[in-house]
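Topology and contacts: notes
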Amino acid sequence: MTDEHTHGPGADEHGAMGTLHDDGGRAVRTGRLYGVLAEYDTPGELMEAARKVRDAGYTQFDCYSPFPVHGIDEAMGIKRTILPLLIFGGGCTGTIGGLLLQWWCNAYNWPWNISGKPAWSIPANVPIAFESTILIAVFTSFFGMWILNKLPQVWHPFFRNERFNHVTDDAFLLGIEARDRRFDAEATPRLLSDAGALSVDNVYLDPDRASRQMPKWITAFIVASTAFALIPFAIAAKARTSRSTEPHFHIFPDMDFQPKYKSDQPMDMFEDGRANRGELAGTVARGSLNADDLFYRGLENGAWTTGFPRQLEINEQLIRRGKGRFEIYCTPCHGYDGRGMGAVPQRVAATGGAWQARNLVDASNPVVINMPNGQLFNTISNGYNTMMGYAAQIPHADRWAIVLYVRALQRSQNASLDDIPPDHRSGIQMPEAPTP
Amino acid sequence: MSTADATIDRHRPEGPDGGKAREAFRAVTRDVAWVAEAPKPHKAWLAALGVSSIMFAIGLYSIYVLVTTGIGVWGNSNTVCWAWDITNFVWWIGIGHAGTLISAVLYLTRQTWRVSINRSAEAMTIFAVMCAGLFPLLHTGRPWFAWWMIPHPNDMQMWPQFRSPLMWDVFAVTTYMLTSILFWYMGMVPDLATFRDRCAAKGDKLRAIIYGSLSLGWRGSARQWHRYERAYLILAGLATPLVFSVHSVVSFDFATSQLPGWHTTIFPPYFVAGAIFSGFAMVFTLLIPARHLFNLKHIIKDEHVEAACKIMLATGMMVGLAYATEFFIAWYSGNLFEGFAFINRAFGPFWWAYFLMVSCNVLVPQAFWFKRVRRTPIVIFVLCLLINVGMWFERFVIIATSLARSFLPAQWSYYTPTRYDVGLFVGTLGLFFTLFLLFFRYAPVIAISEVKGAMPEAHAGKRH
């Protein structure tokens, strides 16, 4: 059979990471002795050797093999790792953390009513608590294993030994470190040899300390990339504590920015640089002519009309329409009875102020009662004193309907028994004379 | 010369075992490593990579159109609101599960034959989960807001709704993905160290640095192996309930809804059995050509393939039992809607999909009763392909038939995919095969250290 360990030129110049140690064929021996490395033929022999080394009282030794050799833990006297305990702790942390996270988010910080279901109900929270248990336990086993194994460690003195590079292939090695209390430059190799070693090598540290340290460029790279990775967080932290007049930075604009112009935006196309186009002199926008003075402005021959426009049929339906509009737009201030004590004045009174809206039905001061219909219409359209105009909210016909309803309100609020048709009068209790 | 001082060297060619054990271990290393070390890739590999890259490009284009236009480019409608996207999600996730099953469950049950296929099955898991994750992500319509699902303090004062099965999905699939990657990577470290040492010995410095960094300085020390094996065993123990939970959670997406055909307690076990079934089919769809191409038949042996065929036969019949049970319960429950849903499933507008599903998933695996079938790779390959098709249709049937015929007849509709549905599915197939081909070329495709540990030579020289 062939011996894989032939020492061809060049074959031994590389450490595991390809670090050169050789200076022109001569071995470098000036470094301190790190330990001895013995090779064995089979896993079984390695195990026996390990047992002998352990029995001889060595503690700073290790076996190296391409796969885990079963029974070697006991032979070497390796104590059971505490890793399972750590993983159990990680798993418990995952369960509790998962439950706490869900409780805090959905039951405490932001309870969210979904079909009246309880904000905190364990069965619905089991799947995520289970997954977080597994996740943290998996992280603990993975990272815990590497940390306990003191890996990653890309450099090790044994990598300088050529035979050691076959440990991931077919070699079974046993290494004893020189720092072991029982280490002896004569006796230790002899012990290993007597245990049936194929070879025993002394392994020396590289005299150049730099070879044992992380190359500077790797350190620099790690520091630089860590620093760069912190930049986004720094920017976010700064943004949270400072003010800016600049608009938000949109990574994904969604539909916030659309290729269209809104009013009052600049636009290069026109001379005045504005996107919106004003009315041209001598033109009227389509549907905005409003030539009928009576209907659109309440004017008849230049004076407020006392009647109603011809387009409207005065009937109960129109009064009801007016009532509906009145109750939507007018009652907040004028009140349902039109006496000017709606919700807003009541609120003003409740907060200690004194303001009331115009009494629309006041017979003792009949300003509104005496207003022509056209003026009432105009007041609704364009406002009066603190009242704003409702032209934008209420179409013309509805404004007329409100005028009609106000008239009805004025009549009803100041009614006498005579106003009621005779066959409806029975059973009606007239109140005291209406207070002025 | 070694840099060390050779105090003693009686390097005999024959030890007590005549060096035979070492020779056998060397052979394993060599046979696996040659795939990655071959200076030029195999022509078939290049051709396959070309095809899969084109498929992947189609997928990227479909994603581009989808993201820039909106999910209206898909065939999904108000009625059939989950369609190919969720079908593909469930299908891919299910495929992934065989990898975990092979690496974790078979490890715990000491099925040593798993060592020849576990590495590639685990890789398949990761790539399949990557493909699966794309679909719900893209189905959100605005995938750049996917990070809202990660609970974190934010200016919107918004927390995820943890009682929703869709959030359970997020946690289950993320945990599954991370666990699979860590499990896969951890298993690969000793083999990456093997590659590192081989590259270093040959003077291939660049590769030695890459494999060296990835192998974290692994030394194969017994003290390290001790913790490593502990961690591996516990990871396998954690991955086993995880794999069952993941597909159960996926089935909750359906089972917790009130749609007839979805609202059923049989879903979790039924989905898990289907997942294992389809996953095994996918593993062997990949491995049967690969072991032929890369000359690995003496490692991925015929017995291993045969064992997998038996698992497919068993899980296929479980799936068949689930189909039958669904029908039985639909009848036995006396629920009108449930009864209609299942009659509609078999004889409604998607009858063709239903019968495709039953033939591929229940009838096709019956061929595995015959030893001659289990021993004929080409037949197994074809049957595996059919099972993949059948399992895809199973998910499609569950989703599309139930949605297309829900409670209100006014809402009934039919589903037809668009070219972007097809493009994205083809794209994920492309992504999957591309990643798998790259993995097969550059990574240790067989768990070298585990194969060595499972060989009789691993006990050479031990006193009994």
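All of these numbers come straight from a predicted model, not from anything done at the bench.

A few words now on the overall build of chain A. Along chain A, the regular secondary structure elements total 13 helices and eight strands. Rg of the C-alpha trace for chain A: 48 Å, well past the compact-globule value of 22 Å for 436 residues, more than 25% over. With the C-alpha coordinates of chain A rotated into their principal frame, the extents come out at 135 × 65 × 45 Å. Expressed as a percentage of the 436 residues in chain A, the buried residues total 31%. Residue pairs in contact within chain A that sit at least 24 positions apart in sequence constitute 68% of those at least 6 positions apart.

As a further point, take the overall build of chain B. In terms of helices and strands, chain B carries 15 helices and one strand. Against the 2.2 N^0.38 benchmark of 23 Å for 464 residues, chain B shows a C-alpha radius of gyration of 24 Å, consistent with a compact globule. A principal-axis box enclosing the C-alpha atoms of chain B has dimensions of 90 × 60 × 40 Å. The proportion of buried residues among the 464 residues of chain B is 53%. A separation threshold of at least 6 residues defines the contact pool for chain B, and within that pool the share at least 24 residues apart is 83%.

Before going further, it helps to examine the nonpolar core. If you look at the biggest cluster of nonpolar residues, it comprises 192 residues, and the most contacted ones within it are Ala38, Ala49, Ala50 and Leu174 of chain A together with Val283 and Ala400 of chain B. It is helix H7 (residues 222-255) of chain B that contributes the most residues to this core, 18 residues altogether. One finds Phe326, Val361, Ile380 and Val403 of chain A within the second-largest nonpolar core, a separate group that totals 16 residues.

With that settled, consider the confidence of the model for chain B. Residue and element names in this part refer to chain B. Looking at chain B as a whole, the pLDDT averages 89, with 96% of positions reaching at least 70. For residues 1-6, every residue scores under 50 in pLDDT, and the model assigns this stretch 26 contacts once sequence neighbours within four places are set aside. Reported for the predicted complex are a pTM of 0.77 and an ipTM of 0.91.

Right, let's get into the pairing of strand E4 (residues 199-204) of chain A. Residue and element names in this part refer to chain A. Counting buried positions over the six residues of E4 gives six, a clear majority of the element. Residues Ser199, Asp201 and Val203 line one face of E4 and the alternating positions Val200, Asn202 and Tyr204 line the opposite face, and both faces are buried. Bridge count between strand E1 (residues 33-40) and E4: six bridges; the pairing is antiparallel. Bridging from a neighbouring strand, Ala38 pairs with Val200 of E4.

It is worth spelling out the packing of helix H3 (residues 83-109) of chain A against H7 of chain B at this point. Here H3 of chain A crosses H7 of chain B at 35°, and the two axes come no closer than 10 Å. The hand of the H3 of chain A/H7 of chain B crossing is right-handed. Where H3 of chain A abuts H7 of chain B, its residues Leu83, Pro84 and Ile87 of chain A lie against Arg227, Arg230, Ala231 and Ile234 of chain B. For the contact of H3 of chain A with H7 of chain B, the residue count by class is five nonpolar, no polar and two charged.

Another aspect to go through is unusual backbone geometry. For residues besides glycine, phi is generally negative; the peptide bonds are generally trans as well. Of note, the amide linkage connecting Leu151 of chain A to Pro152 of chain A takes the cis form, showing an omega dihedral of 0°. Mapped onto the elements of the fold, Pro152 of chain A is located in the loop between helix H4 (122-148) and strand E3 (172-177). In this model, Lys150 of chain A sits at a positive phi of 55°, which is unusual for a non-glycine residue. The residue Lys150 of chain A is located in the loop between H4 and E3 in this model. Judged by local crowding, Lys150 of chain A falls into the exposed class, with 12 C-beta atoms found within 10 Å. Even without being a glycine, Arg110 of chain B presents a positive backbone phi close to 55°. Along the chain, Arg110 of chain B turns up in the loop between helix H3 (84-108) and helix H4 (118-139). We classify Arg110 of chain B as exposed; it has 7 C-beta atoms within 10 Å.

What follows concerns helix H6 (residues 216-241) of chain A. Every α-helical turn comprises 3.6 residues, leaving residues that sit three or four positions apart pointing alike. Over its 26 residues, H6 of chain A extends 37 Å from the first C-alpha to the last, a length consistent with the 38 Å expected when each residue adds 1.5 Å. Of all bends in H6 of chain A, the biggest is about 30°, found at Ile231 of chain A, and the proline Pro232 of chain A comes one to four residues later.

Attention shifts here to the domain arrangement of chain A. Split into domains, chain A comes out as domain 1 (28-228) and domain 2 (293-416). Distance from the C-alpha centre of domain 1 of chain A to the C-alpha centre of domain 2 of chain A: 88 Å.

A few words now on the pairing of E3 of chain A. Residues and elements named next belong to chain A. In terms of burial, E3 is a largely internal element, five of the six residues being buried. Where strand E2 (residues 61-64) lies against E3, four bridges are found, and the strand directions are antiparallel. Within the sheet, the bridge partner assigned to Phe61 lies in E3 and is Ile176.

Let us look at the packing of H3 of chain A against H4 of chain A. Residue and element names in this part refer to chain A. Relative orientation of the contacting elements H3 and H4 amounts to 145°, with a least axis distance of 7 Å. Judged by the sense of rotation from one axis to the other, the crossing of H3 with H4 is right-handed. The class makeup of the residues in the contact of H3 with H4 is twelve nonpolar, 14 polar and no charged.

It is worth spelling out the environment of Lys323 of chain A at this point. In this fold, Lys323 of chain A is placed in helix H8 (residues 316-329). Distance from Lys323 of chain A to Trp304 of chain A, taken between C-alpha atoms, is 23 Å for residues 19 residues apart in sequence.

Turning to helix H10 (residues 336-347) of chain B, a few remarks are in order. Residue and element names in this part refer to chain B. In a regular helix each residue adds 1.5 Å, so twelve residues correspond to 16 Å; H10 covers 16 Å between its end C-alpha atoms and thus fits that length. Here H10 has its buried residues at Glu338, Ala341, Phe342, Asn344 and Arg345. Seen from one end, H10 has its buried residues packed into an arc of 160°, which puts them on one side. Away from the buried face of H10 by more than 90 degrees, exposed residues Leu336 and Phe347 are located. On the buried face of H10, the contacting elements are helix H9 (302-332), helix H11 (351-363) and helix H13 (377-404).

Let us look at the environment of Val67 of chain B. Residues and elements named next belong to chain B. Note on placement: Val67 falls in helix H2 (residues 43-69). Judged by the 16 C-beta atoms lying within 10 Å of it, Val67 falls in the partly exposed class. Along the sequence, Val67 and Gly203 sit 136 residues apart, while their C-alpha atoms lie 47 Å from each other.

Residue position: Ala172 of chain B is located in helix H5 (residues 165-202). Contacts of Ala172 of chain B, omitting those with residues within four sequence positions, involve Pro127 and Glu131 of chain A together with Ser245, Val246 and Val249 of chain B.

How each quantity is defined
Residues numbered from 1 in each chain as written. Chains lettered and ligands numbered in written order. Predicted model: local features only at pLDDT ≥ 70, side-chain atom pairs only at ≥ 80, totals over all residues. Helix = DSSP H or I, 4+ residues; strand = E, 2+ residues; numbered from the N terminus. Rg over C-alpha atoms; globule rule 2.2 N^0.38 Å. Buried ≥ 20, exposed ≤ 12 C-beta atoms within 10 Å, placed from the backbone. Contact = placed C-beta atoms within 7 Å. Core = buried A, V, L, I, M, F, W, Y, C linked by C-beta atoms within 7 Å. pLDDT = per-residue confidence, 0-100. Pairing = 2+ DSSP bridges. Axes fitted to C-alpha atoms, helices over the stretch in contact; angles between N-to-C directions. Left-handed = near helix turned anticlockwise from the far one by under 90°. Nonpolar A, V, L, I, M, F, W, Y, C, P; charged D, E, K, R; others polar. Expected span 1.5 Å × (residues − 1). Bend = angle between axes of the 7 residues up to and from the residue. Domains from an automatic or database assignment. Arc of directions from axis to C-beta.

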